[in-house]
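# Chain and residue survey
Take a look at the letters that make up each chain.
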Amino acid sequence: MLGDVLIGLQTTFSGWNLLSMLLGSMWGILAGALPGITGSIGVALLLPLTFGMNPTSAIVLLCASYCGSMFGGSISTILLGAPGTASAAATLLDGRALCKKKQAGLGVGVALVASTFGGIIGALILIFFCTPLAQVALLFGPPEYFALGLFGLTIISSLSKHMLKGFIAGLFGMMVASVGLDRFVGLPRYTFDIPDLINGVEFLPALIGLFALSEMLQQMGDTGGGATTPANQVEDARIPGLKTIRKLGRSITLGGVIGTVIGIMPGAGGNIASWLAYSQARRWSKTPEEFGSGSLEGIAAPEAANSASEGGSLVPTLALGIPGSNTTAILLGALSLQGLTPGPMLFSEHPEVVYSVYGSVLLTNFVVLALGYFLIKPVSRISNIKPSYVIMSVCILVCTAAYAIQNSLFDVKITLFFGVVGLIMKRFGFPVAAAVLGMILGPIIEPALQRSLLLAQGSYTIFFTRPLSCFIIVLTVISFVSPFIVPAMRALKERGRARESLS
């Protein structure tokens, strides 16, 4: 295996492959940083350029773009409050809080380091455990995906100080996810006779509206739209030191492992991985009360997770020919265009392509780290622009991005609608993140439940008779009740200590 890795590194370092990796990384960072131009769209835009390239250089270019977009998404998320990629939404919770504390540069630096280490963890697991992990992915059927979705819902309890408001927001997100044509019955639901809603509410325009546009509307209300001085000046644009990185080691490692495991499950992707990593990092943190108010751990964990999920999603793609995410589905198309068939035969017939994937996924993380080191200070100056200019520019940018996703004015209307909804939610204390989580998990939970009941002929026992599904449900129950039990146990201990001191 070590020899394969060395071959992959040697292949990646050769001539055109190295240039492809550099160009792909730069394009990926740019694509991720632009709201609406996700990593998958960035890779898709490069696809026509690969027609005249040799297979190895083409795959290196696309993989590098994929890796670069993971860090790029954190730039606009932290500096502008507009998630560059869907998987960067969890980073926004603490990233924007840091920006308001005039520490946006430090936040971007932590995101860069966490993305690098998370990507390395995912790449190493991909290299050494590709085939075994692909077999694990095969164990996940509809019941396991349903149980995983339920486990994801327990995160809502950690996203809001008022749990009831959190669950109401999460339920709203799941209702939005149910809009459109029911694939099992074939009938439209909640479309209000609007033809554009037949295919459902497009996730990215809704995400941009809930986070970016609502933030701009809120700032317009707070400043009257006429602010003339920079509100979020960056005073600390740098990569964190070794001491800070050591403190973040647990969160980065936790995010890297969670991201890889979730990434190997086809369809799960970085969205769920980043939220799960955020929740678990908060649970295991020594200072959980800082999460949501500018915690560096709250940035490190989700950024490590979404970068690691990229390596994980390549496991089923290479080993089984099953795309682990939207981006890897595009990579599958690129392999097909080059006359290659992903799956077990790829390892024996074209091992050089597999090795180049190994090498490029690993090395790109270091390239992104080097590029990010020089980009941190220039891009962090975005926060020094006058708020009135930022508000106007971001509003134009998010509307343009919403239109560009499908060249549809209806998506712009979706963005505007959810911008107002997000503003109302913020005004009344409903967590926007919980609604986004509901929109992510809804398309996973509902189809998995329907398929599971079809397999079991309507019996719910299927979730408890399958060991893996039952195990995840037990974890879900523990995760759900622990926020109630742990504080109660601490209160009992404090009362006991108080009685002992009095006696």
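It should be noted that the structure appears before, not after, this text.
Being a predicted model, the structure only gives us computed values, none of them experimental.

## Concerning the nonpolar core
Side chains of nonpolar character tend, in soluble globular proteins, to be buried together. With 87 residues, the main nonpolar core has L210, W275 and V436 as its most contacted residues. Sorting elements by how many residues they give to this core places helix α19 (residues 432-455) first, with 12 residues. Counting 31 residues, the second-largest nonpolar core is a separate cluster that includes C63, C67, A334 and L362.

## Thoughts on the pattern of salt bridges
Enumeration according to the criterion identifies 3 salt bridges in this entry. E144 is paired through a salt bridge with R466; the nearest N and O atoms lie 2.9 Å apart. Taken as a pair, E144 in helix α7 (residues 142-153) and R466 in the loop between α20 (462-465) and α21 (467-502) lie far apart in primary sequence, 322 residues in all. When its relative accessible area of 2% is taken as the criterion, E144 is described as buried. With relative accessibility at 28%, the residue R466 sits in the partly exposed group. Linking E446 and R189 is a salt bridge whose minimum nitrogen-to-oxygen distance equals 2.5 Å. A residue pair is termed long-range when its members are at least 10 positions apart, and E446 in helix α19 and R189 in strand β2 (residues 188-189) qualify at 257 residues. Judged by its relative accessible area of 25%, E446 falls in the partly exposed class.

## Details of a nonpolar patch on the surface
Judged by side-chain polarity, F167, V477, F480, V481, I485 and M489 come together as a nonpolar surface patch covering roughly 480 Å² of accessible area. A per-element tally of the nonpolar patch places α21 first, with 5 residues. Classification of I485 as partly exposed rests on a relative accessible area of 42%.

## A look at the packing of helix α4 (residues 55-80) against helix α5 (residues 89-100)
The interhelical angle for the contact between α4 and α5, taken along N-to-C directions, is 50 degrees, at an axis separation of 7 Å. Relative to α5, α4 is oriented oblique. As α4 runs across α5, the sense of the crossing is right-handed. The segment α4 lies against α5, with T77, I78, L79 and L80 engaging T91, L92, G95, R96 and C99.

## Brief notes about unusual backbone geometry
The phi angle at F192 is positive, at roughly 55 degrees, despite the residue not being glycine. Mapping F192 onto the fold places it in the loop between β2 and α9 (203-223). F192 gets classed as exposed once you look at its relative accessible area, which sits at 68%. Phi at Q457 is positive, roughly 55 degrees, even though this residue is not glycine. Q457 gets classed as exposed once you look at its relative accessible area, which sits at 76%.

How each quantity is defined
Residues numbered from 1 in each chain as written. Predicted model: local features only at pLDDT ≥ 70, side-chain atom pairs only at ≥ 80, totals over all residues. Heavy atoms only, no water. Core = buried A, V, L, I, M, F, W, Y, C linked by side-chain atoms within 4.5 Å. Buried < 20%, exposed > 50% of the residue type's maximum accessible area, 1.4 Å probe, protein only. Helix = DSSP H or I, 4+ residues; strand = E, 2+ residues; numbered from the N terminus. Salt bridge = Lys/Arg side-chain N within 4 Å of Asp/Glu carboxyl O. Patch = residues over 30% accessible without salt bridge, like charges linked within 9 Å, V, L, I, M, F, W, Y side chains within 5 Å. Areas by Shrake-Rupley, 256 points an atom, 1.4 Å probe, with all protein chains shown as cover. Axes fitted to C-alpha atoms, helices over the stretch in contact; angles between N-to-C directions. Parallel < 35°, antiparallel > 145°, perpendicular 65-115°, else oblique. Left-handed = near helix turned anticlockwise from the far one by under 90°. Contact = heavy atoms within 4.5 Å.

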